[in-house]
Amino acid sequence: MSTPEKPNDKFEEEIDNLVEEEYVQEGDVLEEEIPDLDQGEPMDDDEDEEDNMEESAEGFEMRQNPEDENTMELADDSVQGFFDHREPVYAIAMHPTSNGIICSGGGDDKSYLWRCDTGEMMKVLDGHTDSVTAVAFSCDGKYIASAAMDGKVRVWNAETGDFCVSVDGPDEVVWINWHPKGNILLAGANDSTIWMWAMPSGKFMNIFNGHAGPVTAGCFTRDGKRIVSTSEDSSFIIWDPKTAAAEFRLTGDDARFHVEPINSVSVNKDSTLAITGDVSGKARLVNLSNGHIVAALENHTDSIETSSFCDVLPLAATGSVDGKVSIWDVQTLRLRATLNHEDAVVKAIFVKNSPLLATCSADRTVKMWDARTGQCLKSWSGHRDTVLDIAVSDDGNVICSASDDGTCLVFSM
């Protein structure tokens, strides 16, 4: 195993330079009924309305009206929503400095900029020819990027809505990630490659080759000095962003590591630890400074889809298709708590500088937990299908969700 290279000063300078430069659905129209005198009385208007209400409520969760125990109401805890997609919404992001501005992208091949306080659409971000799989704001919020299954990454000025550039190279783009200190964008693809560009110029900087299968997840470390990535080939690689060299590589050849495809990766605030999760429900804690496996974190019976580190306590969370969220102590390497959804957990995100954890699920709910106690502080309903992604404000008071039902909803603590 090779010794890690010292972070390249020239790359740091380039980063610094870049920082400086740069549903109301249409109802069925009922035809007027002409009474057939031989068939008795026509249907009562009240019965018509009742049937229509049942049809329009299809897919929604119903619950008892707290003000009248004899009636039911639609379970919708949202305070606002955005309904322009009308196709599954796969990705959602919140502006890093103005949390009221949201970007969402989906199966309509478009992304939208909209306001979460009013639901007002600000800008249509189009140009893709296939489903948008990822959206992300740059570190200062000046730019917004969208990536799609058409292999293209498109960038706009988030302040003016002006289109900046479209770049391609990979085939289907799985994920994108901005550098934490500058306008450099990473994209991981289905063709086993990772690409890096300087934005908003779109100048190609590097391509990272080393995986032998789709690059399922990846990101810059929080300090921006390394890149981590995972693949369906069961490999995890720590990269030097400047040279595109693999500093450390872990694969299924090591029996202590994953032998199944890896789905997810997350990095802690200090850029010293990463958690990887695979399709069999196994997670591994890895030391990023030497590439060593620190611990096997095993409490799931199905695929781990998401993970997140707490900024203020030595805690981390893994979320699985088995409906469980596991809270781990990364110092003692022990399981602290198990949290439960009624269906697959899709995303888990710790609130910035907080022990609170937000989760979303195929059970159509969004929940907020206290990771210290395992207590569910709030559970929100409103979606009619799987919640595919969430974005959380820095103070944890606002959560925006994206769903398979074609809508985005806004929930408040």
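1. Topic: the sheet that holds strand 20 (residues 262-267)
Strand order in the open sheet formed by four strands is 20-21-22-23, and the pairing between neighbours is antiparallel. The open sheet terminates on both sides in strands that have one partner only, identified here as strand 20 and strand 23 (293-298). If you compare each strand with its neighbour and ignore which way they point, the axes differ by 20° on average. With five bridges connecting them, strand 21 (residues 273-278) and strand 22 (residues 282-287) associate as antiparallel partners. Each bridged residue has a counterpart across the sheet, and for threonine 276 the counterpart in strand 22 is arginine 284.

2. Side note on the packing of aromatic side chains
Enumeration over the complete set of coordinates arrives at seven aromatic pairs. Ring geometry for tryptophan 195 versus tryptophan 197: centroids 6.2 Å apart, planes at 20°, classification stacked. Look at tryptophan 197 and you get buried, because its relative accessible area is 2%. Between phenylalanine 208 and tryptophan 239, the ring centres sit 5.4 Å apart and the planes meet at 75°, which makes this aromatic pair edge-to-face. One end of the pair, phenylalanine 208, is in strand 15 (residues 203-209); the other, tryptophan 239, is in strand 18 (residues 236-239), and 31 residues separate them in sequence. A single burial state applies to phenylalanine 208 and to tryptophan 239, both of which are buried. Linked through ring pairs, Phe82, Tyr112 and Trp114 together constitute an aromatic cluster.

3. Concerning the side chain of threonine 359
Looking at the element boundaries, threonine 359 is found in strand 29 (residues 356-361). Classification of threonine 359 by relative accessible area gives buried; the value is 0%. In this structure the side chain of threonine 359 is engaged in a polar contact, spanning 2.9 Å, whose partner is the side chain of tryptophan 369. Not counting residues up to four positions away in its chain, the partners in contact with threonine 359 are Val325, His341, Lys347, Ala348, Thr365, Val366, Lys367, Trp369 and Ile390.

4. A closer look at the sheet that holds strand 34 (residues 408-412)
Note: strands within a sheet are paired through backbone hydrogen bonds, in either parallel or antiparallel orientation. With respect to topology, four strands assemble into an open sheet ordered 3-34-33-32, the strand pairing being antiparallel. On the outer flanks of this sheet lie strand 3 (80-82) and strand 32 (387-392), each paired with one strand and no other. Here the average twist between neighbouring strands, direction ignored, is 20°. Where strand 33 (residues 398-403) and strand 34 come together, five bridges link them in antiparallel fashion. If you follow alanine 402 over to strand 34, its bridge partner there is cysteine 408.

Thresholds applied
Residues numbered from 1 in each chain as written. Predicted model: local features only at pLDDT ≥ 70, side-chain atom pairs only at ≥ 80, totals over all residues. Heavy atoms only, no water. Pairing = 2+ DSSP bridges. Helix = DSSP H or I, 4+ residues; strand = E, 2+ residues; numbered from the N terminus. Axes fitted to C-alpha atoms, helices over the stretch in contact; angles between N-to-C directions. Phe/Tyr/Trp six-rings, centres within 6.5 Å; stacked < 30°, edge-to-face > 60°. Buried < 20%, exposed > 50% of the residue type's maximum accessible area, 1.4 Å probe, protein only. Polar contact = N/O pair within 3.5 Å; in protein donor to acceptor, adjacent residues only side chain to side chain. Contact = heavy atoms within 4.5 Å.

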